Amino acid sequence: MAEIIVVTSGKGGVGKTTTSASLAMGLARMGKRVAVIDFDVGLRNLDLIMGCERRVVYDFVNVIHGEATLKQALIRDKRFENLAVLAASQTRDKDALTKEGVEKVLKDLDADGFDIILCDSPAGIEKGAFLAMYFADRAVVVVNPEVSSVRDSDRILGLLSSKTRKAEQGGRVQEYLFLTRYNPKRVEAGEMMSITDVEEVLGIKAIGVIPESPDVLSASNKGEPVILDDASIAGQAYGDAVARLLGEDRPMRFTQVEKKGLLQKLFGG
């Protein structure tokens, strides 16, 4: 049975699609059969970050409306054959998605033998975001360590606990906090919320903390999720987060201000 994981956030621009791409790539690199679906109908960015935008012929909405088969619409990744992308439509609106259609696509992906289905949700609480989270077993809530992002994510947690299929059945979606663009120097200076601050406000533990890094944007522009850049601290942090999602116990790196050694202090390095 495939596990369905939604990657969601309350506020736009927090790095949610970047996170979806890196998690999908990282899980595939760990040997899982992964399908990642872009639920952001009308915008569509996941295919750009995954580097497959020129290969999109049919999309998620085409499959839901019977205009193409799932096999026709799935784009197999060239780096990992066990990874596939289902792009969003750029020409339809959010109403093109239906609960019944989404459920059928998820069931067909399960029947195709995928281990994990990642749902890249639009930001906010409109229909696409609701459908992305409705069938989820687990949720990765992506947050920037600043007040407005944390407040909006608190609303998302409320929806996860009340408006999902698991909630309707008396269960609960397992929630994970994912902090992006974290800058320990700004935290130390009191300009940014700490990991502990965010965890206490939202009531969930961080499974991933991604340091602020220009490598993220650079990788996205090249269509190469940053997790593939082993020299990047952001890429390494995403790799750690994927391992934690799979049950490994790894220390949280890149969350403290790096202390200068004696030589650095003397020579200004």
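Up top is the structure these notes are about.
Residues numbered from 1 in each chain as written. Predicted model: local features only at pLDDT ≥ 70, side-chain atom pairs only at ≥ 80, totals over all residues. Heavy atoms only, no water.

**With respect to the overall build of the chain**
Phase 1: From N to C terminus, the chain includes 13 helices and 8 strands.
Phase 2: What you see for the chain is a C-alpha radius of gyration of 19 Å, in line with the 18 Å of a compact globule of 269 residues.
Phase 3: Among the 269 residues that make up the chain, the fraction classed as buried is 55%.
Phase 4: Relative to all contacts within the chain whose residues are 6 or more apart in sequence, the contacts with residues 24 or more apart total 74%.
Phase 5: Here the chain displays about 12,500 Å² of accessible surface, and carbon together with sulfur accounts for 49% of that area.
Phase 6: Of the side-chain charges in the chain, 36 are positive and 39 negative, and the distance between the mean point of each set is 1 Å. (Helix = DSSP H or I, 4+ residues; strand = E, 2+ residues; numbered from the N terminus. Rg over C-alpha atoms; globule rule 2.2 N^0.38 Å. Buried < 20%, exposed > 50% of the residue type's maximum accessible area, 1.4 Å probe, protein only. Contact = heavy atoms within 4.5 Å. Areas by Shrake-Rupley, 256 points an atom, 1.4 Å probe, with all protein chains shown as cover. Lys, Arg positive; Asp, Glu negative; His and termini not counted. Charge placed at Lys NZ, Arg CZ, Asp CG, Glu CD.)

**Looking at the pattern of salt bridges**
Phase 1: For the structure shown, the criterion picks out 18 salt bridges.
Phase 2: Here R138 makes a salt bridge to E3, at a shortest N to O gap of 2.8 Å. One end of the pair, R138, is in strand β6 (residues 138–143); the other, E3, is in strand β1 (residues 3–8), and 135 residues separate them in sequence.
Phase 3: Exposure remark for R138: the relative accessible area of 10% places this residue in the buried category. (Salt bridge = Lys/Arg side-chain N within 4 Å of Asp/Glu carboxyl O.)

**What to know about the sheet that holds strand β5 (residues 116–120)**
Phase 1: With mixed pairing, 8 strands are arranged side by side in an open sheet as β3-β4-β2-β5-β1-β6-β7-β8. One side of each edge strand has no neighbouring strand; the edge strands of this open sheet are β3 (75–76) and β8 (206–211).
Phase 2: As paired strands, β1 and β5 are joined by 5 bridges and run parallel to one another. By the bridge assignment, I5 is partnered in β5 with L118. (Pairing = 2+ DSSP bridges.)

**Focus on the packing of aromatic side chains**
Phase 1: Applying the stated rule across the entire model yields 4 aromatic pairs.
Phase 2: Considering the side-chain rings of F39 and F60, the 5.0 Å spacing of their centres and the 75° angle between planes classify their relative orientation as edge-to-face. Linking F39 in the loop between β2 (34–38) and α2 (46–50) with F60 in helix α3 (residues 60–64), this pair joins segments that are 21 residues apart in sequence.
Phase 3: The exposure class assigned to F60 is buried, which follows from its relative accessible area of 0%. (Phe/Tyr/Trp six-rings, centres within 6.5 Å; stacked < 30°, edge-to-face > 60°.)

**Let's talk about helix α10 (residues 195–202)**
Phase 1: Every buried residue of α10 is listed here: I195, V198, E199 and L202. Buried residues of α10 fall within an arc of 100° about the axis and therefore sit on the same side.
Phase 2: Along its buried surface, α10 packs onto β6, α7 (147–160), β7 (174–182) and β8.
Phase 3: Immediately beyond the C-terminal end of α10, within one or two residues, lies G203, with a positive phi of roughly 75°. (Arc of directions from axis to C-beta.)

**Structural notes on the nonpolar core**
Phase 1: Within the largest apolar cluster, 52 residues are counted, with the highest numbers of intra-cluster contacts made by I37, F39, F60, L86, V105, L109 and L160.
Phase 2: Here the element with the most residues in this core is α7; it accounts for 5 residues.
Phase 3: Apart from the residues within four sequence positions on either side, F60 is in contact with I37, D38, F39, L86, A87, A88, L97, V102 and V105.
Phase 4: If you look at the next biggest cluster of nonpolar residues, it comprises 39 residues, including A24, C52, I116 and A241. (Core = buried A, V, L, I, M, F, W, Y, C linked by side-chain atoms within 4.5 Å.)

**Focus on empty space enclosed by the protein**
Phase 1: In the structure shown here, the tally under the stated rule is 1 cavity of 30 Å³ or more.
Phase 2: What lines the largest cavity is G208, V209, A237, D240, R244, M252, R253 and F254.
Phase 3: The set of elements that each furnish at least two residues to the lining of the largest cavity consists of β8 and α12 (233–245).
Phase 4: The greatest single-element share of the lining of the largest cavity, amounting to 3 residues, is contributed by α12. (1 Å grid on protein atoms, 1.4 Å probe; cavity = no way out; pocket = protein on both sides within 12 Å on 5 of 7 lines; lining within 4 Å. Points joined across faces, edges and corners; volume = space filled by probe spheres on them.)

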